[in-house]
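Descriptive analysis of the structure
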Amino acid sequence: MIQRIQTLYLLAAFALCIGCLCSPIAHFFVQEACSLGEEAYGLWGSYERVDMYNLWLASGGKHLFYFCPVLMAILVIATALVFIDIWLYKRRALQMRVVTFSMILLVAWYIAYGIITLNLLNTEMMLWRPHWTTAFPAAALILLYLAFRRILKDEMLVRSLDRLR
């Protein structure tokens, strides 16, 4: 199992998804805090910088409130599917379907991330900076694509060997 390159791709994609689950994915700055250089009062309280995680918003080490479970749910399901997919190495057809569904979920995560970010920018938030861990699902998406190609290659090899018998 571990000697197959697609298993290594899947393990790396799993690690990247876990990393994105545990890290902030964006930073927002309240408009008044950015322009005046002092504390701002408004929707988020007296915070200058608000960190966005997959499930909650935090500022100064304290979480403000649970925000959007959609991001967390999509990423948890994709991460679980990638982990399960590692153990499906004997069933390549199912493994390819699970990889494809995981890739679709990661694309859906970026769509939901964009929608939520745009909705937050329409409130009192002014500046938005994505955190570098926002690239983790994209890297996982690339690794899942590479794993899909290697699984397909293995399937074609097995089929060609079956034809020779």
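**A word on the packing of aromatic side chains**
As enumerated under the stated definition, the model contains six aromatic pairs in all. Ring geometry for Trp109 against Tyr110: centres 5.0 Å apart, planes inclined by 80 degrees, an arrangement best described as edge-to-face. The class for Tyr110 is partly exposed, based on a relative accessible area of 26%. Taken together, a centroid distance of 5.4 Å and an interplanar angle of 80 degrees make the contact between Trp132 and Phe136 edge-to-face. Overall, Trp132 belongs to the exposed group, its relative accessible area being 60%. Put simply, the rings of Trp109, Tyr110, Tyr113 and Trp128 touch in pairs and so form one group of aromatic residues.

**Side note on the pattern of salt bridges**
Scanning the model with the defined rule gives three salt bridges in all. Asp154 is the partner of Arg4 in a salt bridge, and the nearest nitrogen-oxygen pair spans 3.4 Å. Of the two residues, Arg4 sits in the segment before helix 1 (5-22) while Asp154 sits in helix 5 (residues 136-164), which places them 150 residues apart along the sequence. Residue Arg4 is classed as buried on the basis of its relative accessible area, which comes to 15%. One network of salt bridges, in which partners are shared, links Arg92, Glu155 and Arg159.

What counts as what
- Residues numbered from 1 in each chain as written.
- Predicted model: local features only at pLDDT ≥ 70, side-chain atom pairs only at ≥ 80, totals over all residues.
- Heavy atoms only, no water.
- Phe/Tyr/Trp six-rings, centres within 6.5 Å; stacked < 30°, edge-to-face > 60°.
- Buried < 20%, exposed > 50% of the residue type's maximum accessible area, 1.4 Å probe, protein only.
- Salt bridge = Lys/Arg side-chain N within 4 Å of Asp/Glu carboxyl O.
- Helix = DSSP H or I, 4+ residues; strand = E, 2+ residues; numbered from the N terminus.

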